[in-house]
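What follows is the residue order along each chain.
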Amino acid sequence: MRTFRVRLALTYTGLFLVTAAMLLVSVNLSLHHRLRLETRPLAPAAPLAGGPLAPPPAPVLRPRLVEEVVTYQWEVAGVAIAVMTVVSLAVGWFFAGRVLRPVHRITATARRLSLSNLHERIALTGPRDELRELADTFDEMLARLERSVEGQRRFIATASHELRTPLAVQRAAIEIGLPDDVGPVKGRLLAANRRSERLIDALLTLAQAEHGIEAPEEVELSEVVRLAVAELDHGDVAVTVTAEPCTVLGDRTLLHRLVTNLAGNAVRHNVPGGTARVTLTADGVLRVVNTGPHVPPERFGDLFAPFRRIGTTRTQGAGLGLSIAAAIARAHGARMEARPRPGGGLELVARFPAVS
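Treat the numbers as computed from the prediction; the structure is a model and nothing was measured. (Residues numbered from 1 in each chain as written. Predicted model: local features only at pLDDT ≥ 70, side-chain atom pairs only at ≥ 80, totals over all residues. Heavy atoms only, no water.)

Focus on the overall build of the chain
Part 1: Within the chain one finds seven helices and seven strands.
Part 2: Written out in order from the N terminus, the α and β elements of the chain read α-α-α-α-β-α-β-β-α-β-β-α-β-β.
Part 3: Looking at the chain residue by residue over its 356 residues, the buried ones come to 33%.
Part 4: Taking as baseline every contact in the chain between residues at least 6 positions apart, the subset at least 24 positions apart corresponds to 68%.
Part 5: Surface accessibility of the chain: about 21900 Å² in total, with carbon and sulfur atoms responsible for 62%. (Helix = DSSP H or I, 4+ residues; strand = E, 2+ residues; numbered from the N terminus. Buried < 20%, exposed > 50% of the residue type's maximum accessible area, 1.4 Å probe, protein only. Contact = heavy atoms within 4.5 Å. Areas by Shrake-Rupley, 256 points an atom, 1.4 Å probe, with all protein chains shown as cover.)

Here it is as structure tokens:
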């Protein structure tokens, strides 16, 4: 895999080798040319008038010696280029890593970030170059995103209070203010009120799960599974639980809601006298299997979509149960899967990451 560091190191090496090769070739050609000149025979010097004879001419280099010197010089140049190739590759790899170190820091921060740790910053130091400008821009984007998420969290908290309070007052007025002789009307109003409360609670839970976990902690998931299934109204469905000890990192309340939604879906969408099985393995695999009606393959994409109902009416639920479960699973780094069972029913699986 040719990473950017490899390409940068090869670029450094190529530029260095081209420069070194040009230098060695020019030096060798100049030396060769000079030695060729030294092999030309010189004419004997004439005697000076009235004086001593001129000194004898300097000895002339033999052509064979010139060829040996030139050949040796090219061999030395070849060895030098080979050595410089290895050295330049090592030096280029080192300096490419130094140059790309801020990029690795930016990448590591981006991979580590989630909605629960948007307060972290790259805070790159050093000269104000292009990489410093990139890191500062990334930090500014994180600051804007953090402000936006905090605003949405405050809105969710405010909406939770503002929406639940009027419904509670409305329910009290229906229960206390209406006389008993309007029983059918009173029952319908209370049922509509409870559905509204459940819908608001589901929407707020979904919004909370979508915004991540602020302070994750170690949770014994097997205890959550047993408690959630024990609190569930099984009706005429036989529910069995097998939970091995398993610790996950997350929010206990949200995990309880996830198990409740998955097990409740297995009980609610079942056949009379059917079965449901909830299992948790030590490696963090939560599996809920039930008998029930056949789910068409083309409808599988709607299982985890909000407000989508398969085989139910609007009065039987808001269509948010599995959507909330999937959102809670994503907030905990888990993967949700759904598979049909032969003869009807579903197999829902949530795979949680192990606590390191």
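A few points about the nonpolar core
Part 1: Among the nonpolar cores identified, the biggest contains 42 residues, and Leu221, Val225, Leu258, Val259, Leu262, Leu286 and Phe352 are the most heavily contacted of them.
Part 2: Listing elements by their share of this core, those giving two or more residues are α5 (221–230), β2 (238–243), α6 (252–268), β4 (275–280), β5 (285–290), α7 (321–331), β6 (335–340) and β7 (346–351).
Part 3: With eight residues, α6 is the single largest residue contributor to this core.
Part 4: Beyond its immediate sequence surroundings of up to four residues, Phe352 is in contact with Leu221, Val248, Leu255, Leu258, Asp283, Gly284, Leu286, His332 and Ala334.
Part 5: Leu124, Ala135, Phe138 and Leu142 belong to the second-largest nonpolar core, a separate cluster that totals nine residues. (Core = buried A, V, L, I, M, F, W, Y, C linked by side-chain atoms within 4.5 Å.)

Focus on α5
Part 1: Taken residue by residue, α5 has Leu221, Ser222, Val224, Val225, Ala228 and Val229 as its buried positions. What you see down the axis of α5 is that its buried residues fit within an arc of 160°, all on one side.
Part 2: In the core, the buried residues of α5 are packed alongside β1 (217–220), β2, β3 (247–250), α6, β4 and β5. (Arc of directions from axis to C-beta.)

Notes on the confidence of the model for the chain
Part 1: This prediction gives the chain a mean pLDDT of 77; 76% of its residues lie at or above 70.
Part 2: For the chain, helix α4 (residues 183–210) is the element with the lowest average pLDDT, namely 71, and β4 is the one with the highest, namely 94. (pLDDT = per-residue confidence, 0-100.)

Overview of the environment of Ala172
Part 1: Following the sequence through the fold, Ala172 ends up in helix α3 (residues 130–177).
Part 2: Classification of Ala172 as partly exposed rests on a relative accessible area of 33%.
Part 3: A sequence separation of 18 residues divides Ala172 from Leu190, and the C-alpha atoms of the two residues are 9.5 Å apart.

Observations regarding a nonpolar patch on the surface
Part 1: On the surface, a nonpolar cluster with roughly 680 Å² of combined accessible area is contributed by Tyr12, Val79, Val83, Val87, Val91, Phe94, Phe95 and Val99.
Part 2: Within the secondary structure layout, Tyr12 lies in helix α1 (residues 4–38).
Part 3: For Tyr12, a relative accessible area of 32% gives the class partly exposed. (Patch = residues over 30% accessible without salt bridge, like charges linked within 9 Å, V, L, I, M, F, W, Y side chains within 5 Å. Salt bridge = Lys/Arg side-chain N within 4 Å of Asp/Glu carboxyl O.)

Some points on the side chain of Arg132
Part 1: Relative to the helices and strands, Arg132 is located in helix α3.
Part 2: For Arg132, the contacting residues outside a window of four places in its chain are Leu124, Thr125, Gly126 and Pro127.

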